[in-house]
Amino acid sequence: QLQLVESGGGLVQPGGSLRLSCAASGFTLDYYAIGWFRQAPGKEREGVSCISSGGGYTNYADSVKGRFTISRDNAKNTVYLQMNSLKPEDTAIYYCATPGVSCSGYIPSYNYWGQGTQVTVSS
C-alpha cells in the first residue's frame, strides 16, 4: 500500500525551529514531486512548499519564504521541511502529499496524503 507519514511536529516557541519529515512506504519517491500543506483551525488548507522529483525545483508560499526550506533524500525515501524563525501564525496541521511527477498548485491533484503532524508555535 502507498503511504506517506509525516513526523517531527510539536510545540515550539516563536523564533524556534522544527524539521518535519515525510517518509514514503510502499513506493519509491524518486519519480514523485512532494508538496507540504498546512491547515489551521477555521482556515482552508493552503500550500506551503513543493519539491520536484529530482530536487532541482522548489517553490514556497510567500508567507514562509526565507524561513522554510524543503529538501529530499531519495536514498532514504524521505522529504524534509526545515522550519526556522517560526511564528504563531505557522501553527497548523502539516501534511505532505504527492500529485505525481510535477508540482501543482491545484490541491485536488494531490492524490496521496499523509495523516498530518501538528505544529504549535506559542510562548
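Above this text you will find the structure in question.
What counts, and where the lines are drawn
Residues numbered from 1 in each chain as written. Predicted model: local features only at pLDDT ≥ 70, side-chain atom pairs only at ≥ 80, totals over all residues. Heavy atoms only, no water. Helix = DSSP H or I, 4+ residues; strand = E, 2+ residues; numbered from the N terminus. Buried < 20%, exposed > 50% of the residue type's maximum accessible area, 1.4 Å probe, protein only. Contact = heavy atoms within 4.5 Å. Areas by Shrake-Rupley, 256 points an atom, 1.4 Å probe, with all protein chains shown as cover. Lys, Arg positive; Asp, Glu negative; His and termini not counted. Charge placed at Lys NZ, Arg CZ, Asp CG, Glu CD. Pairing = 2+ DSSP bridges. Axes fitted to C-alpha atoms, helices over the stretch in contact; angles between N-to-C directions.

Caption draft 1: Summary view of the overall build of the protein. Per the secondary structure count, the protein includes zero helices and eleven strands. For the protein, the N- to C-terminal ordering of α and β elements is β-β-β-β-β-β-β-β-β-β-β. Principal-axis analysis of the C-alpha atoms gives the protein an extent of 40 × 30 × 25 Å. Looking at the protein as a whole, 41% of its 123 residues qualify as buried. Contacts spanning at least 24 positions in sequence make up 57% of the contacts within the protein whose residues lie at least 6 apart. For the protein, the exposed surface amounts to about 6300 Å²; the carbon and sulfur share of it is 47%. In the protein, 9 side chains carry a positive charge and 8 a negative one; their mean positions are 3 Å apart.

Caption draft 2: Examining the sheet that holds strand β8 (residues 78–83) more closely. The antiparallel open sheet is built from four strands, whose spatial order is β1-β3-β8-β7. Taken across any chain shown, the strands that pair with only one partner, and hence form the sheet edges, are β1 (3–7) and β7 (68–73). Averaged over all adjacent pairs, the angle separating strand axes in this sheet is 15 degrees, with direction ignored. Strand direction decides the pairing type here: strand β3 (residues 18–25) and β8, joined by six bridges, are antiparallel. Within β8, the position partnered with Ser21 by the bridge is Tyr80.

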